[in-house]
Amino acid sequence: MSSPTPIRFISTELEDMASATGRVAVIVTPEGKMDPAARRANRLTKGALKRLLDSPRFAKAKTGQVISLGWPAGMVAEALDVLVLPRRTSDIEARKAGATLAKLRGDKALLVMSGNMTRAADLAMGIALRSYDFDAHKTVKEDAAKETGEVLIAHSRPEEMETGLVPRRAVAEGVHMTRDLVNEPANVLTTTNFADRLKEMEALGLDVEVLDEAALEKLGMRTLLSVGQGSDSPSKVVVMQWKGGDKDAAPLALVGKGVVFDTGGISLKPAGGMEDMTMDMGGAAVVAGTMRALALRKAKANVVGLVGLVENMPSGRATRPGDVVKSMKGDTVEIINTDAEGRLVLCDVMWYAQDRFAPAGMVDLATLTGAIIIGLGHENAGVFSNEDSFCNAFLKAAGAEGEGAWRMPLGKAYDDMLKSRIADMKNVGGRPAGSVTAAQFLQRFVKDGTPWIHLDIAGVASVKSETDYAPKGATGWGVMALDRLVRDRFEAE
Ligand code: BES
Ligand code: MN
Ligand code: ZN
């Protein structure tokens with residue numbers, strides 16, 4: 001796993017600025033006001049900063065933007081990063097500014113002169129989130145003399161800021177774990193390797209159980225097993241429990257689709273782009289990253305994370321279109337298309353989660369349908385729910401974290417599209433409203449009285465262009481929103 005960048009708050013010593021290596025960042029307001037550190041930088045550079053502030057370039061600069069002065073005279077650093085930020089910012093503005101500084105720094109050392117900024121912990125979190133690179137499989141590093149530099153943030157109240165950074169660092173580490181899992185290729189991240197990585201989280205105080213095929217067979221999880229039966233990798237369900245709340249408080253259940261590779265099975269996908277299906281375990285990765293964040297920050301809540309880990313492969317043993325299988329719930333499914341496999345994995349794990357834990361709420365996450373990308377692109381995950389107040393709490397949390405989420409409908413007419421001639425239901429409802437009929441399928445496995453949210457993250461789990469907080473590839477979407485949902489709704493103060 002990629003290790004998190006070391007970030008530390010230190011007390012402000014203006015003397016440090018001249019001798020700092022790597023990069024030094026100072027803050028100026030959009031009106032061009034300098035704080036003592038900026039004035040010191042101006043003095044060291046013999047007025048270069050002031051000339052920048054008087055220039056048309058600065059007049060056009062937007063809040064959150066960074067203007068870099070390269071190889072500044074009078075300083076050892078290779079760049080002076082001038083961050084344009086008002087004295088008062090929102091948490092998100094501060095976070096984005098931190099991410100901008102982190103992107104510029106790459107893996108160089110960075111000294112940020114943050115003065116007495118109130119949102120410095122959020123700035124630090126932005127740096128943590130964006131200090132990420134998945135280079136595990138690059139044998140030739142881009143920069144031969146690569147060594148990761150430290151990030152130091154000078155502040156007037158370093159201890160207070162460090163306290164604020166502790167939970168934020170935990171969440172950033174959870175996000176990084178999710179990204180690592182999503183970016184990892186399927187020959188490395190097999191079902192067994194995935195389960196092993198989750199088992200390692202016991203060191204953080206989580207209870208982690210791995211259910212093997214014999215155990216799943218005994219529980220009757222036939223729909224889940226039918227997806228994995230064409231693969232040489234054994235299917236597994238992993239149960240992670242974080243017990244930070246009241247002993248008898250019902251937990252929040254998080255359920256994730258963990259298809260380590262989705263070929264489509266006998267309903268084989270076309271070759272073009274099939275390599276992207278290494279990310280088809282994105283839901284399970286968000287569950288894992290969220291559990292990691294909750295454990296690292298010792299959340300005062302009970303949360304259980306369950307993931308179904310399978311590989312969808314064609315073979316002589318694979319499920320055929322037309323096969324009928326029985327779910328753990330007892331309902332039978334006619335498998336029309338073996339490529340609609342995510343719902344077959346989730347329905348058994350969701351049923352098991354409710355059966356065993358009687359959760360106060362259940363959120364499932366899955367890279368479930370291509371149709372959600374047609375509908376919402378890569379900006380928003382699809383949100384489906386049977387309970388408005390639970391759903392609104394999630395939408396609010398996602399909005400506050402800047403993670404796009406858009407509610408989609410459910411309804412009987414969509415459910416009717418799943419009628420089968422020979423079984424209780426089909427696993428596909430045809431092309432129209434493909435994401436909605438997938439959600440309807442899942443809802444058949446939600447017990448009356450369980451508040452439930454289904455998140456279709458096919459469009460947001462991994463993207464081809466960089467985002468505010470992540471380079472190209474895995475985003476870690478959802479960890480921050482779910483962490484905040486836990487804080488808002490499940491954590492007792
Ligand atoms: N894993 C895919 C969905 C997907 C597509 C995720 C693109 C990420 C990017 C899912 O298992 C799938 O194949 N869905 C089918 C459903 C169809 C057969 C009803 C789809 O979307 O085409
Ligand atoms: Mn599929
Ligand atoms: Zn899939």
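In this numbering scheme, every chain counts its residues from 1 along its sequence in written order. To read the labels, note that chains go from A and ligands from 1, taken in the order they are written. Residues qualify for local features only when their pLDDT is at least 70, as the model is predicted, and side-chain atom pairs are given and counted only at 80 or more; totals for whole chains, interfaces and linings, by contrast, use all residues. Calculated side-chain values reflect all of the structure's heavy atoms, with hydrogen atoms and water omitted.

**Quick look at the site of ligand 1**
Rules: We define proximity as follows: a residue is near a molecule or strand when any one of its heavy atoms falls within 4 Å of that partner. Within 3.5 Å is the distance limit for a polar contact, defined as a pair of N or O atoms, with the added protein rule that one can donate a hydrogen and the other accept it, and that residues adjacent in sequence qualify only through two side-chain atoms. Each accessible area is a Shrake-Rupley result for a 1.4 Å probe, and residues are judged covered by the shown protein chains and nothing else. Each residue is assigned to one class: nonpolar for Ala, Val, Leu, Ile, Met, Phe, Trp, Tyr, Cys and Pro, charged for Asp, Glu, Lys and Arg, and polar for all the others, Gly among them.
What surrounds ligand 1 is a group of 16 residues, the closest being Lys269, Asp280, Asp339, Glu341 and Gly370. Measuring from an oxygen atom of ligand 1, one finds a side-chain N or O atom of Lys257 at 3.3 Å. Contact distances for ligand 1 include 3.4 Å between a nitrogen atom and a backbone N or O atom of Thr367. Look at ligand 1: alone it shows 510 Å² of surface, and the protein chains cover 77% of it. Split by residue class, the shell around ligand 1 holds 6 nonpolar, 4 polar and 6 charged.

**Focus: the coordination of the zinc ion (ligand 3)**
The cut-off we apply is this: In this analysis a donor is any N, O or S atom within 2.8 Å of a metal ion (3.2 Å for sodium, potassium and calcium), and since water is not included, sites may seem incomplete. Every geometry call rests on angle ranges, with four donors termed tetrahedral when all angles are between 85 and 135 degrees, four termed square planar and six termed octahedral when opposite donors are over 155 degrees apart and all others are between 65 and 115, and everything else termed irregular. A run of H or I in DSSP counts as a helix once it spans at least four residues, and a run of E counts as a strand once it spans at least two, with each numbered from the N terminus. Partly exposed describes any residue whose relative accessible area lies between the buried limit of under 20% and the exposed limit of over 50%, with all areas from a 1.4 Å probe on protein chains only and scaled to the type maximum.
Around the zinc ion (ligand 3), the donor atoms from the protein are Lys257 (NZ), Asp262 (OD), Asp280 (OD) and Glu341 (OE), and they sit 2.0 to 2.4 Å away. Taken together, the 6 donor atoms coordinating the zinc ion (ligand 3) and their angles of 77 to 174 degrees define a geometry best described as octahedral. Along the chain, the residues donating to the zinc ion (ligand 3) are arranged with the sequence spacing K-x4-D-x17-D-x60-E. Between the zinc ion (ligand 3) and the manganese ion (ligand 2), a spacing of 3.2 Å is present, and a bridge between the two is formed by Asp262. Of this pair, Asp280 sits in the loop between strand E9 (252-262) and helix H11 (282-296) while Glu341 is found in the loop between strand E12 (332-334) and helix H12 (342-357), placing the two residues 61 residues apart along the sequence. By relative accessible area, which is 1% here, Glu341 ends up buried.

**So, the sheet that holds strand E4 (residues 79-84)**
As a reminder of what qualifies: Pairs of strands are assigned from DSSP output, requiring at least two bridges between the strands. Axes here refer to lines fitted to C-alpha atoms; in helices the fit is confined to the stretch in contact. Angles between the N-to-C directions go from 0 to 180 degrees.
Pairing is mixed across the open sheet formed by 6 strands, whose spatial order is E1-E6-E5-E2-E4-E3. The open sheet has two edge strands, strand E1 (7-11) and strand E3 (66-70), and neither has a second partner. Between one strand and the next, the sheet's axes are offset by a mean angle of 20 degrees, whatever the strand orientation. In this structure, E3 lies alongside E4, joined through 5 bridges in antiparallel fashion.

**Comments concerning the packing of aromatic side chains**
Applied cut-off: Any two of the Phe, Tyr and Trp rings considered here, Trp counted by its six-membered ring, make a pair once their centres fall within 6.5 Å; the pair's planes then place it as stacked at under 30 degrees, edge-to-face at over 60, or tilted in between. In this scheme, the term charge over a ring applies when either NZ of a lysine or CZ of an arginine sits within 6 Å of the ring centre and within 35 degrees of the ring normal.
The full count for this structure, using the stated rule, is 3 aromatic pairs. Arranged with centres 6.5 Å apart and planes meeting at 75 degrees, the rings of Phe390 and Phe490 form a pair that is edge-to-face. Taken as a pair, Phe390 in helix H14 (residues 388-401) and Phe490 in the segment after helix H17 (479-489) lie far apart in primary sequence, 100 residues in all. Each of the two residues, Phe390 as well as Phe490, counts as buried. In this structure, Lys329 packs its charged tip against the face of Phe445, placed 5.4 Å from the ring centre.

**Some details on the domain arrangement of the protein**
The test is simple: As used throughout, domain bounds are those supplied by an automatic or database domain assignment. When checking whether two residues touch, look at their non-hydrogen atoms; a contact exists if any pair is within 4.5 Å. Simply put, the buried area is the total loss of 1.4 Å probe accessible area from both parts when two parts are fitted together. Only one rule defines a salt bridge in this text: a Lys or Arg side-chain nitrogen within 4 Å of an Asp or Glu carboxyl oxygen.
Segmentation of the protein into domains returns domain 1 (7-156) and domain 2 (171-490). Counting residues at the interface gives 14 residues for domain 1 and 20 residues for domain 2. Of the roughly 1500 Å² buried at the junction of domain 1 and domain 2 (both faces included), carbon and sulfur atoms supply 58%. When the buried surface of domain 1 facing domain 2 is broken down by residue, Leu129, Tyr132 and Phe134 rank first, second and third, together holding 42% of it. Run the count over domain 1 and domain 2 and you get 5 salt bridges. For Glu401, the salt bridge identified is with Arg95, shortest N-O distance 2.7 Å. In this structure, the connection of domain 1 to domain 2 is made through 10 residue pairs in polar contact (both at pLDDT 80 or more). Sorting the residues of the side of domain 1 that touches domain 2 by element identifies helix H5 (91-105) and helix H6 (120-130) as the ones contributing at least two each. The dominant element in the side of domain 1 that touches domain 2, judged by the number of residues it contributes, is H5, at 6 residues.

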